[in-house]
Amino acid sequence: MSSNSYFVIVGTRDNPLYEAEFGPASRGDGGGHQKKDEHKHLNQFIVHAALDVVDDLMWGTNAMYLKVVDKFNEWFISAYVTASGTRFMLLHDAPNQDGIRNFFQDTHELYIKTLLNPFTETNATLTSPTLDTKIRALARKWL
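So, here is what we can say about the structure in this document.

1. Quick word on the packing of aromatic side chains
Alright, step 1. Taken as a whole and judged by the stated rule, the model has 11 aromatic pairs.
Alright, step 2. Between Tyr 65 and Phe 104, the ring centres sit 6.0 Å apart and the planes meet at 55 degrees, which makes this aromatic pair tilted. Here Tyr 65, found in strand S3 (residues 65-72), pairs with Phe 104, found in helix H2 (residues 97-115); they are 39 residues apart in sequence, far enough to count as distant. Pair check on accessibility: Tyr 65 and Phe 104 agree, each one buried.
Alright, step 3. Residues Phe 103 and Phe 104 carry aromatic rings whose centres are separated by 6.0 Å and whose planes lie at 45 degrees to one another, so their mutual orientation is tilted.
Alright, step 4. What links up through ring pairs into an aromatic cluster is the set Phe 7, Tyr 18, Phe 22, Tyr 65, Tyr 80, Phe 88, Phe 103, Phe 104 and Tyr 111.

And the structure:
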């Protein structure tokens, strides 16, 4: 299944810790860089707007996976909240509940392993190329 997705890990201070876009390779249409940059800002805006919904929902349930929390045009926003309050947000265009839940659970496991490193700070940006490679592999597997 080939769908477009934008994944972000949001820290407890509402700061982005990690961002990635998944999906088919960009279609070569001339001014692609400016359009891609504009598209990235729109994705960030949509996810940021859904953070308030996630903050409200996370206190009303014991579940970590909050499923689809918001919708913007043809885009769905799914969320997962860790025990520490870190939010995993996925903006996607194809509903795939089981795959998204599995992706979030596996990514949460990677996130915990990353935080076990004594040199990693809790709300610091995650810049590890190994983490990026593993998250992208999980996205190919589940999304």
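Having seen it, we continue.
2. Observations concerning the pattern of salt bridges
Alright, step 1. Taken as a whole and assessed by the stated rule, the structure comprises five salt bridges.
Alright, step 2. Ionic pairing is found between Asp 14 and Arg 87, a salt bridge with its closest N-O pair at 2.5 Å. One end of the pair, Asp 14, is in the loop between strand S1 (5-10) and strand S2 (16-22); the other, Arg 87, is in strand S5 (residues 87-92), with 73 residues separating them in the sequence.
Alright, step 3. For Arg 87, a relative accessible area of 3% translates into the label buried.
Alright, step 4. With a closest N to O distance of 3.4 Å, Lys 113 and Glu 109 form a salt bridge. Residue Lys 113 and its partner Glu 109 are located together in helix H2, separated by four residues, close to a single helical turn.
Alright, step 5. A relative accessible area of 52% places Lys 113 in the exposed class.
Alright, step 6. On the accessibility criterion, Glu 109 (43% relative accessible area) is partly exposed.
Alright, step 7. Linked by salt bridges that have partners in common, Asp 14, Asp 55 and Arg 87 make up one network.

3. Remarks on the packing of H2 against helix H3 (residues 129-142)
Alright, step 1. Interhelical geometry of H2 versus H3 gives an angle of 165 degrees and a closest axis separation of 9 Å. In this view, H2 runs roughly antiparallel relative to H3, as classed from their interaxial angle. Read as a crossing pair, H2 and H3 show a hand that is right-handed. On H3, the residues touching Gly 99, Asn 102, Phe 103, Asp 106, Thr 107, Leu 110 and Thr 114 of H2 are Leu 131, Lys 134, Ile 135, Leu 138, Ala 139 and Trp 142.
Alright, step 2. Of the residues in the contact of H2 with H3, the class split is seven nonpolar, four polar and two charged.

Basis of the calculations
Residues numbered from 1 in each chain as written. Predicted model: local features only at pLDDT ≥ 70, side-chain atom pairs only at ≥ 80, totals over all residues. Heavy atoms only, no water. Phe/Tyr/Trp six-rings, centres within 6.5 Å; stacked < 30°, edge-to-face > 60°. Helix = DSSP H or I, 4+ residues; strand = E, 2+ residues; numbered from the N terminus. Buried < 20%, exposed > 50% of the residue type's maximum accessible area, 1.4 Å probe, protein only. Salt bridge = Lys/Arg side-chain N within 4 Å of Asp/Glu carboxyl O. Axes fitted to C-alpha atoms, helices over the stretch in contact; angles between N-to-C directions. Parallel < 35°, antiparallel > 145°, perpendicular 65-115°, else oblique. Left-handed = near helix turned anticlockwise from the far one by under 90°. Contact = heavy atoms within 4.5 Å. Nonpolar A, V, L, I, M, F, W, Y, C, P; charged D, E, K, R; others polar.

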